[in-house]
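# Commentary on secondary and tertiary structure
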Amino acid sequence: STADVGDRSILILACGNDLRQDDGAGLALARQIAAANPRPDPTVDLICVHQMMPELALEVARPEVAAVLFVDTRVVIGSGEGGQNESPGASLTITALEPTSPVGRLGHHVDAQMVLLYARELYAAQVPAWLITVPGYAFDHGEGFSPQVQALLAGADGFIAQVWERVKNPLL
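The following paragraphs examine the structure supplied in this document.

The rules we used
Residues numbered from 1 in each chain as written. Predicted model: local features only at pLDDT ≥ 70, side-chain atom pairs only at ≥ 80, totals over all residues. Heavy atoms only, no water. Salt bridge = Lys/Arg side-chain N within 4 Å of Asp/Glu carboxyl O. Buried < 20%, exposed > 50% of the residue type's maximum accessible area, 1.4 Å probe, protein only. Helix = DSSP H or I, 4+ residues; strand = E, 2+ residues; numbered from the N terminus. Pairing = 2+ DSSP bridges. Axes fitted to C-alpha atoms, helices over the stretch in contact; angles between N-to-C directions. Expected span 1.5 Å × (residues − 1). Arc of directions from axis to C-beta. Contact = heavy atoms within 4.5 Å.

Here the structure, examined in full by the defined rule, presents six salt bridges. For Arg62, the salt bridge is made with Glu59, and the minimal N-O distance between the two is 3.2 Å. Judged by its relative accessible area of 22%, Arg62 falls in the partly exposed class. The shortest N-O distance in the salt bridge between Glu165 and Lys168 comes to 3.4 Å. Taken together, the residues span about one helical turn, with Glu165 and Lys168 both in helix 5 (residues 157-168) at a distance of three residues. Each of Asp45, Glu59, Arg62 and Glu64 takes part in salt bridges that share partners, so that together they form one network.

The sheet built from five strands is open, its strands ordered 2-1-3-5-4 with mixed pairing. A strand with exactly one partner marks an edge of an open sheet, and here the two such strands are strand 2 (43-49) and strand 4 (93-97). For this sheet, the mean inter-axis angle between neighbouring strands, taken without regard to orientation, is 20°. Note that strand 3 (residues 65-75) and strand 5 (residues 129-136) share eight bridges and pair parallel. Among the inter-strand pairings, Asp72 is bridged to a residue of strand 5, identified as Thr133.

Helix length check: helix 5 (twelve residues) gives 17 Å between terminal C-alpha atoms against 16 Å at 1.5 Å per residue, within 8%. For helix 5, the full list of buried residues reads Phe159, Ile160, Val163, Trp164 and Val167. All buried residues of helix 5 fall inside an arc of 140° around its axis, so they share one side. Where helix 5 is buried, its residues meet strand 1 (9-15), helix 1 (25-35), strand 2, strand 3, strand 4 and strand 5.

Read these as spatial facts, not as claims about activity.
What follows is the structure in structure tokens.
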């Protein structure tokens, strides 16, 4: 089965900070994905934010949204930021998402799955969604990306084609 994307839009919600080195890599990749839309229909709506917020559920719930791509940077251990244990050759990833319940989560942290949960529970909206991540290594103040992230973004065309194929056929 394919996603019904005719006359509808793909929402790209990108999270990051362009002034914290690799933290802005998710924003850069999201811009690349939006620019590579293989056809004018569906249209792409790109929203860039510093952090996920409950209010984004309203954007997900818009009737014209056929699918959502959440794009962010994941912290890699060894970057000095206490992230995931990955090799220096870590790659771009795409993972299908489902809304999750907030069991065991307190505080102000909202992630992509929580945004989907809010959209479903508050607005009865449920659309196919994926989390796309870029491994990040440098998060100091400043613009520009680490050499690893620069290389990943420069060579992302094949990955981006796979993303658009998933949007077209969400069962992949």
